Amino acid sequence: MASKTLVPVEEYLRTGFDEPEPEYLDGEIIERHLGSVPHSEAQERMLEFFRSLKQSFRLFVYPEMTLRLSPSRYRIADVAVFCGGRPAEEYATVPPEFAIEIGSKDDRHVAIVQKLMEYHSWGVKYVWLVDPWNFRFLVYDDSGLHEVPAFELPEYNARVSAAEFFAA
């Protein structure tokens, strides 16, 4: 059995990586998959959706945001949205209101569900998965991961259906 080389968190934080920035999970540096046209287009549409809400609500929208879930776990959200104020630290230690992942062609289902579960357990109110390969929206909540026809935010008077989102 091959052993993994563990890296101290300080080394991860001071290392300059080529894009995309990897995640750090308990000493292990984890490569992320991005860069495809469907992923980039879906990420841009999600950023536009939240930027349109910024006119009425105090939202701070960030692509590729590093989140410090614990001293040994750093995840990178494709889109993170904070309400009320900007994160106080370089790497947010307070959960955002929204953590949105955009599926990539090479993502492993088990790994993406684990990441969504961690966001939910950490206290992220809305954990969403955009699947640009199958034109689907999924939500991770107390009942697990399930498909939804639209992302709905009654408190923001906002809704975007998967059909509208992927028709653009």
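Residues numbered from 1 in each chain as written. Predicted model: local features only at pLDDT ≥ 70, side-chain atom pairs only at ≥ 80, totals over all residues. Heavy atoms only, no water.

A few words on unusual backbone geometry. We note that D26 has phi near 55 degrees; this positive angle belongs to a residue other than glycine. Counting through the fold element by element, D26 comes out in the loop between β1 (23-25) and β2 (28-30). For D26, a relative accessible area of 44% gives the class partly exposed. If you check the backbone angles, N157 has positive phi at about 50 degrees while not being a glycine. On the secondary structure map, N157 appears in the loop between β9 (150-153) and β10 (158-161). (Helix = DSSP H or I, 4+ residues; strand = E, 2+ residues; numbered from the N terminus. Buried < 20%, exposed > 50% of the residue type's maximum accessible area, 1.4 Å probe, protein only.)

For helix α2 (residues 37-53), built from 17 residues, the straight-helix expectation of 24 Å at 1.5 Å per residue is met to within 8% by its first-to-last C-alpha distance of 25 Å. Along α2, the residues classified as buried are H39, A42, Q43, R45, M46, L47, F49, F50 and L53. You can read the cap of α2 off the contacts: a side-chain oxygen lies 3.3 Å from the backbone nitrogen of H39, and it is on S36. (Expected span 1.5 Å × (residues − 1). Polar contact = N/O pair within 3.5 Å; in protein donor to acceptor, adjacent residues only side chain to side chain.)

This paragraph deals with the pattern of salt bridges. In the structure shown here, the tally under the stated rule is 15 salt bridges. Salt-bridge contacts for E23 lead to R75; the nearest nitrogen and oxygen are separated by 2.8 Å. Here the residue E23 occupies a position in strand β1, and R75 occupies one in strand β4 (residues 73-83), the gap between them amounting to 52 residues. R75 sits in the buried class, given a relative accessible area of 5%. Of the charged contacts, one joins E118 and R73 as a salt bridge, the two residues approaching to 2.6 Å between their closest N and O atoms. (Salt bridge = Lys/Arg side-chain N within 4 Å of Asp/Glu carboxyl O.)

So, about the side chain of Q43. By the element assignment, Q43 lies in helix α2. When its relative accessible area of 11% is taken as the criterion, Q43 is described as buried. Polar contacts involving the side chain of Q43 include one to the side chain of E64, which spans 2.8 Å. Those residues in contact with Q43 that sit more than four places away from it in its chain are P63, E64, D78, V79 and I102. (Contact = heavy atoms within 4.5 Å.)

It is worth spelling out the nonpolar core at this point. Here is a general trend for soluble globular proteins: nonpolar side chains tend to be buried in one another's company. Among the nonpolar cores identified, the biggest contains 27 residues, and M46, F50, I100, W128, V130 and L153 are the most heavily contacted of them. Top contributing element to this core by residue count: α2, with 6 residues. The next biggest cluster of nonpolar side chains, apart from the first, holds 18 residues, and it includes L67, A77, A92 and L138. (Core = buried A, V, L, I, M, F, W, Y, C linked by side-chain atoms within 4.5 Å.)

Relative to the elements of secondary structure, H120 occurs in helix α3 (residues 109-122). For H120, a relative accessible area of 24% corresponds to the partly exposed category. Taking the C-alpha atoms as reference points, H120 and P71, 49 residues apart in sequence, are found 17 Å from one another. Ignoring anything within four residues of it in the chain, the contact list for H120 reads V127, Y140, D141 and D142.

Relative to β10, β9 runs antiparallel, the two being bridged by 4 bridges. Residue pairing for β10: L153 is matched across the bridge by A158. (Pairing = 2+ DSSP bridges.)

A word on the pairing of strand β6 (residues 126-131). The buried fraction of β6 amounts to 6 of the 6 residues, a majority that puts the element mostly inside the structure. Of the two faces of β6, the one carrying Y126, W128 and V130 and the one carrying V127, L129 and D131 are both buried. Here strand β5 (residues 98-102) pairs with β6 via 5 bridges, running parallel. Bridging across to β6, I102 finds its partner in V130.

None of this, on its own, says anything about what the molecule does.
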